Amino acid sequence: MALELVFQIEGGDFSNAGKASSQIKKVLKQLNIDTRIIKRVVVAVYEAEVNVAAHAHRGQVKALFGETEVEVVVTDQGPGIENIEQAMQPGYSTASKEVREMGFGAGMGLSNIAKNTDNLHIESEVGKGTILTFRCNYS
Amino acid sequence: MKGKTKYHALKVDTEKCFGCTHCMKICPTEAIRIVDGVATIDQYRCVDCGNCLRACPVDAFYVEQNQLSHIEDFKYRVVLFPSVFIGQFSEIYSEGRIYEALLRLGFTHIFEVEQPALWLMESIKESSQELAEGPLISSFCPAIVRLIQSKYPSLTRNIAPRKAPHDLAAHFAIEQLKMQGANESEIGIFYVSPCSAKMAAVNQPVAEKESIVTGVINMKDLYNRIMRLLPANETTDTSGFRQYLSREGILWSLPRGEASWFKKRSMAIDGIHNVVKFLERLENDEVPKLDFLELKSCNQGCAGGILLTGNRFLTVERLQKRALRYPKASQINPEGVRKETVQKKLISDNVEPRPVFVLDQDRTRALEKMKKINNILCHLPGIDCAGCGAPNCHALAEDIVQGKARMTDCIFLQNKFIKELKVKPDKACANLERIWGKKRFEADCNKKGGRNEGF
Ligand SMILES: Nc1ncnc2c1ncn2[C@@H]1O[C@H](COP(=O)(O)OP(=O)(O)OP(=O)(O)O)[C@@H](O)[C@H]1O
Ligand code: SF4
Ligand code: SF4
Ligand SMILES: [Mg+2]
């Protein structure tokens, strides 16, 4: 059975986005996972955390550490994504002016997650929320 | 990794230590546990930063003593010290008087380790060209090198494969004396260390076969001796010993002392806890592109070394003033000794990773242990009280899965187990005595930390 860790994220709380990714990193380091893989997981989780902070009301990150891979599920309650294919396009962003002023909103988050993980799956319902699932193999 | 013992200059005086836990809470690598009432240091985790010594209210930590006694064995007795040594003395003592006192102590030659600084800096800069991906990390502070080896092993390849300023000065001194007709076996090189980290590095170099230094001197001890020997007036001209010292050399061991040599993108971070935070980011590529990273374990760099006397900010202030009186490094060109000869000797091996925080080399077992840790943490109170002899609940959980501690070491769980009749009260007491020492339950009105001793 895999080890499961869960972290909560609040919408708008950018200063705490990054907590989940740094905890996940600590665990992966103690499991002696290759640093290059760790970096990819950290980048992907961080981007997902920021998306919850930037676009949703609240959410959670669940990480499942298995023997050969880590699976991450990020669930949020928020506006949802109407056109997932469009959202995945590098450079596409609906980020508000405030979010942009904080240095986010380049529209690179989702494509960055896709690039760094093995299989990204997005499920979303407009007006309800989004579920992001991805995995990273240890080798 | 395990097996080979790691040399440390820091020791605990078990007569003085009473297990107050201050050191344990501040140690950046969680290397300390309380066993039998006193602090014990895990030799694989300790990086010799000296924070435990700073935090100790009763001076129970000490740094290994001098190897001054055998200076008489040598005809040429060279003392090497970093500039911060001069910076500790109040300005009423001129550097000439300090130098004279060193001669009185029996040394024949005096070198500050930062001369000729330019030679080493050039060599360090050159090494950045061998690096595939930046930034180049300074190898100056041995506590940081050891920290990176154990906690950030993937960053070891960024550490400059170059030796320290004291190696520069040692090779420079030897070449100079040889030119004057000295035989290498007649030369004794004595290095005055500002800290336990440099002491450990000299006694057990990280990336070289053996050290060029004959003996290490504890700077605090030397300071006291010099204070007793200071002449009332300068009688000899010692300025010749300082002819290759430069402005940049004097500032080298202070914050930005190295980074300022890199015109482009460089950063300097002092204080090991700050360094830890930064390295976490660097490891995730969460920092801007940098060419050079200067990392020093002590706040205010070596001016804050644990073997220095006085206030670190005053030391920095004095050195900044002193530096202004010296020429720029580029204006200094030592005659006779060939730069290339010395530079060749300053190249060291690459620093090897030595990860110590991995739970188990076998991933399946590591994962099992991780699950157990998380399980145990559900039962621990989470208040990090250190009553178990570990710095926090998480560290105790780790110790338990590694077979180094038991659930009953937690004083909260112990109470619960007593209530549930799972543990007998006298067993519980014996367990506490194992961690906190036999006399812990005796009344003692003079005990340390007892009465308003808010240290
Ligand atoms: N959790 C989410 N809830 C609602 N909309 C989202 C969510 N995640 C992404 N989106 C939508 O998808 C768009 C693209 O997301 P992406 O992460 O690629 O870029 P961004 O967040 O706008 O900017 P960046 O990630 O570069 O800071 C967002 O602008 C937003 O419209
Ligand atoms: S010297 Fe530093 S690393 Fe070693 S035990 Fe003391 S505080 Fe910990
Ligand atoms: S900063 Fe200087 S004094 Fe402090 S540990 Fe490092 S080398 Fe020693
Ligand atoms: Mg985003």
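A brief structural summary. Predicted model only: the values in this text are computed from it and were never measured. Going along each chain's sequence as written, the residues are numbered from 1 onward. As a convention, the first chain written is A and the first ligand written is 1, with the rest following in written order. Reporting in this predicted model follows two pLDDT cut-offs: at least 70 for local features of residues, and 80 or more for side-chain atom pairs to be given and counted; totals over whole chains, interfaces and linings ignore these cut-offs and use all residues. Heavy atoms from the whole structure form the basis of all side-chain values; hydrogens and water molecules are not counted.

## Thoughts on the site of ligand 1
Residue and element names in this part refer to chain A.
Right, on to step 1. His55, Asp76, Ser93, Thr94 and Gly105 are the nearest of the 20 residues found near ligand 1.
Right, on to step 2. Pairs of N or O atoms within 3.5 Å make up the polar contacts considered here, provided that, within protein, one atom can donate a hydrogen while the other can accept it, and that residues adjacent in sequence are counted only when both atoms are side-chain atoms. A distance of 2.8 Å separates an oxygen atom of ligand 1 from a polar atom in the side chain of histidine 55.
Right, on to step 3. Serine 93 places a polar side-chain atom, nitrogen or oxygen, 2.5 Å from an oxygen atom of ligand 1.
Right, on to step 4. Methods summary: accessible areas were calculated by the Shrake-Rupley approach with a probe of 1.4 Å, and residue burial reflects only the protein chains presented. Within the complex, the protein chains bury 93% of what would otherwise be the 590 Å² of accessible surface of ligand 1.
Right, on to step 5. Helix and strand assignments follow DSSP, with helices taken as H or I runs no shorter than four residues and strands as E runs no shorter than two, numbered in order from the N terminus. Elements with a minimum of two residues in the shell around ligand 1: helix 2 (35-55) and helix 5 (109-116).
Right, on to step 6. Among the residues forming the shell around ligand 1, the class breakdown is nine nonpolar, nine polar and two charged. What makes a residue near a molecule or strand is one non-hydrogen atom of that residue sitting within 4 Å of it. Gly is placed with the polar residues, together with every amino acid not listed as nonpolar (Ala, Val, Leu, Ile, Met, Phe, Trp, Tyr, Cys and Pro) or charged (Asp, Glu, Lys and Arg).

## Things to note about the interface of chain B and chain A
Right, on to step 1. Residue-level contacts link 21 residues of chain B with 18 residues of chain A.
Right, on to step 2. In total, chain B and chain A occlude about 1900 Å² of area from one another, counting both sides; carbon and sulfur atoms represent 52% of this.
Right, on to step 3. Buried area is a sum: the accessible area each of two parts loses on coming together, probed at 1.4 Å, counted once for each and added. Considering only the surface of chain B that becomes buried against chain A, Arg363, Leu367 and Met370 of chain B emerge as the three largest contributors, covering 33% of it.
Right, on to step 4. Between Lys or Arg on one side and Asp or Glu on the other, a salt bridge is scored when a side-chain nitrogen of the former is within 4 Å of a carboxyl oxygen of the latter. Counting across the interface, chain B meets chain A through four salt bridges.
Right, on to step 5. Across the pair lysine 39 of chain A and aspartate 285 of chain B runs a salt bridge, and its minimum N-O distance is 3.5 Å.
Right, on to step 6. Contributing elements (two or more residues each) for the side of chain B that touches chain A: helix 11 (272-283) and helix 14 (363-379) of chain B.
Right, on to step 7. A class-by-class count of the residues in the side of chain B that touches chain A yields seven nonpolar, five polar and nine charged. We call two residues in contact when some of their heavy atoms are within 4.5 Å.

## Quick look at helix 6 (residues 142-151) of chain B
Residues spaced three or four apart along an α-helix face the same direction, because each turn holds 3.6 residues.
Residues and elements named next belong to chain B.
Right, on to step 1. Throughout this description, buried means an accessible area under 20% of the type-specific maximum (1.4 Å probe, protein chains only), exposed means over 50%, and partly exposed covers the range between. In terms of burial, helix 6 is a largely internal element, nine of the 10 residues being buried.
Right, on to step 2. Taken together, the buried positions of helix 6 are Pro142, Ala143, Ile144, Val145, Arg146, Leu147, Ile148, Gln149 and Ser150.
Right, on to step 3. Buried residues along helix 6 sit against strand 7 (136-137), helix 8 (196-203), helix 11 and strand 11 (292-296).

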